[in-house]
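# Report on the structure
One letter stands for each residue in the lines below.
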Amino acid sequence: MKTIKNYLKDAALNKWAPGHFNFSEDEALRAIVESAVELKTPIFVGTSEGERKHIGLKQAVNLVRAFREEFGIPIFLNADHTKSFESVKEAVDAGYDAILADFSALSFEENIKLTKQAVEYAKSKNQEIIVEGELGYIKGESKIQQEIIEIKPEDLTKPEEAALFVKETGVDMLAPAVGNIHGIATNAPKLDFQRIADIKHAVGDNVILVLHGGSGMSEDDFRNAIAVGISIIHINTEI
């Protein structure tokens, strides 16, 4: 089986993107995996901090391992939106394949400092692990929201800051704010495709761009985002 890095390189080179789907119950994970088997596609599955608290870190790792062995398809487990260094350590030590070290709510400088710390710890334990950082303000949360969510220009990720961020932290993947919204809002997200292209150009081919907030987006949004540099798409609320 190819490694997680092999699949991500192939996705970026050949303009396709595996889906990333969150779960907190084994029934949901089975449904996600059986769909991937039917479509013969590799997938990412993820647990947020709350989902990990519900299902358990070791339990999530062992469930994914069991499904991987049963169905024989590439399934990679991500610690989604991990917002403290202690939580990063717990997920790394439990055996997750990927970590989103999400310190985007902090200042740019603190985000760099803590994300770099997360990368260094993760790589010291497992050279094959993939670490993602988040930069910019992606509004909303993983639920159906009854209000309009306004996105301001200052919320979006700046290409020049993205370039500095990946250089200083050493992340493998970056989740930018490009008009996307977590969850499903009353207003549909309006992706800034030119900004995605500019960020991709700024960070280079070795950094994978991740699109969060896939719930509520159209298939055209997905296709257009992939065409300009997105290589993983997250979906949670719609599940």
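Residues numbered from 1 in each chain as written. Predicted model: local features only at pLDDT ≥ 70, side-chain atom pairs only at ≥ 80, totals over all residues. Heavy atoms only, no water.

## A few points about the packing of helix α2 (residues 26–39) against helix α4 (residues 57–71)
Each packed pair of helices is defined by two parameters, the angle between the axes and the distance between the axes. Contact pair α2 / α4: the axes reach a minimum separation of 11 Å and the direction vectors enclose 30 degrees. One way to sum up the angle between α2 and α4 is to call them roughly parallel. Here α2 runs over α4; the crossing is right-handed. Taken together, the residues of α4 that come into contact with α2 (itself represented by D26, L29, R30, V33, E34 and V37) are L63, V64, F67, E70 and F71. (Axes fitted to C-alpha atoms, helices over the stretch in contact; angles between N-to-C directions. Helix = DSSP H or I, 4+ residues; strand = E, 2+ residues; numbered from the N terminus. Parallel < 35°, antiparallel > 145°, perpendicular 65-115°, else oblique. Left-handed = near helix turned anticlockwise from the far one by under 90°. Contact = heavy atoms within 4.5 Å.)

## Observations regarding the pattern of salt bridges
According to the stated counting rule, one finds 7 salt bridges in the structure shown. E34 is the salt-bridge partner of R30, the closest N and O atoms lying 3.4 Å from each other. With R30 and E34 both in helix α2 and 4 residues apart, this pair spans about one turn of that helix. For E70, the salt bridge goes to R30, with nearest N and O atoms at 3.7 Å. A residue pair is termed long-range when its members are at least 10 positions apart, and E70 in helix α4 and R30 in helix α2 qualify at 40 residues. Classification of E70 by relative accessible area gives partly exposed; the value is 49%. (Salt bridge = Lys/Arg side-chain N within 4 Å of Asp/Glu carboxyl O. Buried < 20%, exposed > 50% of the residue type's maximum accessible area, 1.4 Å probe, protein only.)

## A few points about the sheet that holds strand β5 (residues 130–135)
Here 8 strands make up a closed barrel; going around it, the order is β1-β2-β3-β4-β5-β7-β9-β10 and the pairing parallel. When the angles between neighbouring strand axes are averaged without regard to direction, this sheet yields 25 degrees. The pairing of strand β4 (residues 98–101) with β5 spans 4 bridges and is classified as parallel. Within β5, the position partnered with L100 by the bridge is E132. Its contacts with the sheet put α4 on β2 (43–47) and β3 (75–82), and the angle it makes with β3 is roughly 155 degrees. Packed onto the sheet, helix α9 (residues 219–227) meets β9 (208–211) and β10 (230–235) and runs at close to 150 degrees relative to β10. (Pairing = 2+ DSSP bridges.)

## Thoughts on the packing of aromatic side chains
For the structure shown, the criterion picks out 4 aromatic pairs. On the numbers, 5.9 Å between centres and 55 degrees between planes, the contact of Y7 with F76 is tilted. Of this pair, Y7 sits in helix α1 (residues 4–14) while F76 sits in strand β3; the two residues are 69 residues apart in sequence, bridging distant segments of the chain. By relative accessible area, which is 14% here, Y7 ends up buried. By relative accessible area, which is 7% here, F76 ends up buried. (Phe/Tyr/Trp six-rings, centres within 6.5 Å; stacked < 30°, edge-to-face > 60°.)

## What to know about α1
Think of an α-helix as turning once every 3.6 residues; residues three or four places apart then point the same way. Taken as a whole, α1 has its buried residues at I4, Y7, L8 and A11. Buried positions in α1, seen along its axis, are confined to an arc of 95 degrees and lie on one side of it. In α1, the exposed positions that point more than 90 degrees away from the buried face belong to K9 and L13. Where α1 ends, the next residue or the one after it, K15, has phi of about 60 degrees, a positive value. (Arc of directions from axis to C-beta.)

## As for the nonpolar core
Counting residues in each nonpolar core, the largest one holds 55 residues, and the members touching the most others are F23, V45, Y96 and L174. Looking at which element gives the most residues to this core, the answer is helix α6 (residues 108–125), with 7 residues. With residues up to four places along the chain from it excluded, the contact list for F23 reads A28, L29, I32, V45, G46, T47, E51, I55, A60, V64 and L77. Counting residues in each nonpolar core, the second largest holds 12 residues, with F44, A98, M173 and V210 among its members. (Core = buried A, V, L, I, M, F, W, Y, C linked by side-chain atoms within 4.5 Å.)

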